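# Structural overview
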Amino acid sequence: HQSGFPCSFWGHAILNSVYIKNFLPSSATDNRTPFELFYGELPNVSHLRPFGCLAYAHIPDDNR
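Here goes a summary of the coordinates provided. (Residues numbered from 1 in each chain as written. Predicted model: local features only at pLDDT ≥ 70, side-chain atom pairs only at ≥ 80, totals over all residues. Heavy atoms only, no water.)

### Points about the overall build of the protein
Each helix and strand counted, the protein has two helices and zero strands in total. Relative to a compact globule of 64 residues, whose C-alpha radius of gyration would be 11 Å, the protein shows 16 Å and is clearly more extended. Here the C-alpha coordinates of the protein stretch approximately 50 × 35 × 15 Å along the principal axes. Contacts spanning at least 24 positions in sequence make up 29% of the contacts within the protein whose residues lie at least 6 apart. Looking at the protein as shown, the accessible area adds up to about 5,900 Å², and 59% of this sits on carbon and sulfur atoms. The distance from the centre of the 4 positive side-chain charges to the centre of the 5 negative ones in the protein is 8 Å. (Helix = DSSP H or I, 4+ residues; strand = E, 2+ residues; numbered from the N terminus. Rg over C-alpha atoms; globule rule 2.2 N^0.38 Å. Contact = heavy atoms within 4.5 Å. Areas by Shrake-Rupley, 256 points an atom, 1.4 Å probe, with all protein chains shown as cover. Lys, Arg positive; Asp, Glu negative; His and termini not counted. Charge placed at Lys NZ, Arg CZ, Asp CG, Glu CD.)

### With respect to the packing of aromatic side chains
Enumeration according to the criterion identifies four aromatic pairs in this entry. Aromatic pair Phe23 and Phe35: ring centres 5.4 Å apart, planes at 40 degrees, arrangement tilted. With a gap of 12 residues between them, Phe23 in the loop between α1 (10-21) and α2 (34-39) and Phe35 in helix α2 connect regions that are remote in the sequence. Phe23 gets classed as buried once you look at its relative accessible area, which sits at 12%. Of the residues examined, Phe35 reaches a relative accessible area of 22% and is grouped as partly exposed. Relative to Tyr39, the ring of Phe35 has its centre 4.6 Å away and its plane inclined at 40 degrees; by these criteria the two rings are tilted. A residue pair is termed a helical-turn pair when its members lie 3 or 4 positions apart in one helix, as Phe35 and Tyr39 do in helix α2 at four residues. Judged by its relative accessible area of 52%, Tyr39 falls in the exposed class. Within the aromatic cluster, the residues linked to one another by ring pairs are Tyr19, Phe23, Phe35, Phe38 and Tyr39. (Phe/Tyr/Trp six-rings, centres within 6.5 Å; stacked < 30°, edge-to-face > 60°. Buried < 20%, exposed > 50% of the residue type's maximum accessible area, 1.4 Å probe, protein only.)

Below you can see the structure in the form of structure tokens.
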């Protein structure tokens, strides 16, 4: 495993790749994205980050 991730992350990696693929244009759909075809607007990709990047979980003050 070159990534260093344990096998338990492989399912998440596959889901992530399919999610991103739905935001990519394709020549089969006249260079439109599946998201665009379904929702009628371009997808917002500002929330996307590299898979495996550093992230923090928000814990509400009441639960700390």
